[in-house]
Amino acid sequence: MTQPWFERQLLPPRHGLSIADVVTKAGWIPSAGGTGPYLSFRSRIPNATRQDVDDTVVDRMELLELPSVRDTASLVPRAAVVRTSQARSRRRAVSQAVRSGSLSSPVNENHDCSA
C-alpha cells in the first residue's frame with residue numbers, strides 16, 4: 001500500500017476530526033455487526049469512545065446505517081443520503097413529466113443515432 005492510500009484513509013491518526021468527518025473524508029464504514037466500526041474510528045481518532053460513535057449514529061443521526069452490497073450495511077454521512085434522495089426525486093419527477101407528455105423527452109427524436 002502506498003502513502004497516498006494511507007492519507008486518504010486518514011492514517012496515521014489525525015487530531016481534530018469528528019466521527020462524521022472520518023466517514024465523510026475516508027469513505028463509508030462497513031457495519032456488518034461486531035466491533036469493526038468502533039475499531040475503524042479508533043484507528044483514526046485514538047481518543048474516540050464507543051459512546052462517541054453511538055452518540056453520532058443514534059442520538060445526533062449524523063451518520064445513517066444503510067443497506068449496502070452483499071447483504072451488509074454501511075455507515076453513511078446523512079448529507080450523502082439527502083443528496084442521493086434529492087437526485088432520485090428529480091429523476092423520478094422528470095420521468096413522470098415525460099411520460100405524461102407535459103415535458104418533451106431530452107433525447108432529440110430527429111437525431112440519427114445509426115451513424
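Going along each chain's sequence as written, the residues are numbered from 1 onward. For a predicted model such as this one, the threshold for reporting local features is a pLDDT of at least 70, and the threshold for listing and counting side-chain atom pairs is 80 or more; totals across whole chains, interfaces and linings nevertheless cover every residue. Only heavy atoms go into the side-chain values, all of them from the structure, while hydrogens and water stay out.

This paragraph deals with the sheet that holds strand E1 (residues 29-30). Within the open sheet, the three strands sit side by side as E1-E3-E2. Their pairing is antiparallel. Either end of the sheet is taken by a strand with one partner, and the two such strands are E1 and strand E2 (63-67). In terms of strand pairing, E2 meets strand E3 (residues 73-77) through five bridges, oriented antiparallel. Among the inter-strand pairings, Leu64 is bridged to a residue of E3, identified as Val76. In what follows, a contact means two residues having at least one pair of non-hydrogen atoms within 4.5 Å. All axes are obtained by fitting lines to C-alpha atoms, using only the stretch in contact for helices, and the reported angles, taken between N-to-C directions, cover 0 to 180 degrees. A run of H or I in DSSP becomes a helix once it reaches four residues, and a run of E becomes a strand once it reaches two; helices and strands are each numbered from the N terminus. Contacts between helix H2 (residues 19-26) and the sheet are confined to E1, E2 and E3, with E3 contributing the most and set at about 100° to the helix. By definition, two strands form a pair when at least two bridges between them are found by DSSP.

What follows deals with the nonpolar core. Ile19, Val22, Phe41, Ile45 and Leu63 are the most contacted members of the largest nonpolar core, which totals 14 residues. Here this core takes five residues from H2, the largest share from any one element. Among buried residues, the Ala, Val, Leu, Ile, Met, Phe, Trp, Tyr and Cys ones that are joined through side-chain atoms within 4.5 Å form a nonpolar core. Each residue gets one of three labels from its accessible area relative to the maximum for its type: buried under 20%, exposed over 50%, partly exposed in between, using a 1.4 Å probe on protein chains only.

Burial runs high along E3: five of the five residues are buried. Covered by surrounding structure in E3 are Ala73, Leu75 and Pro77 together with Ser74 and Val76, the residues of both alternating faces. Relative to E3, E1 runs antiparallel, the two sharing two bridges. Of the residues in E3, the one forming a bridge with Pro30 is Ser74.

Here Ser31 lies in the loop between E1 and helix H3 (36-44). When neighbours within four sequence positions are excluded, Ser31 is seen to be in contact with Pro37, Glu65, Ala73, Ser74 and Leu75.

By themselves, these observations are geometric and do not establish any function.
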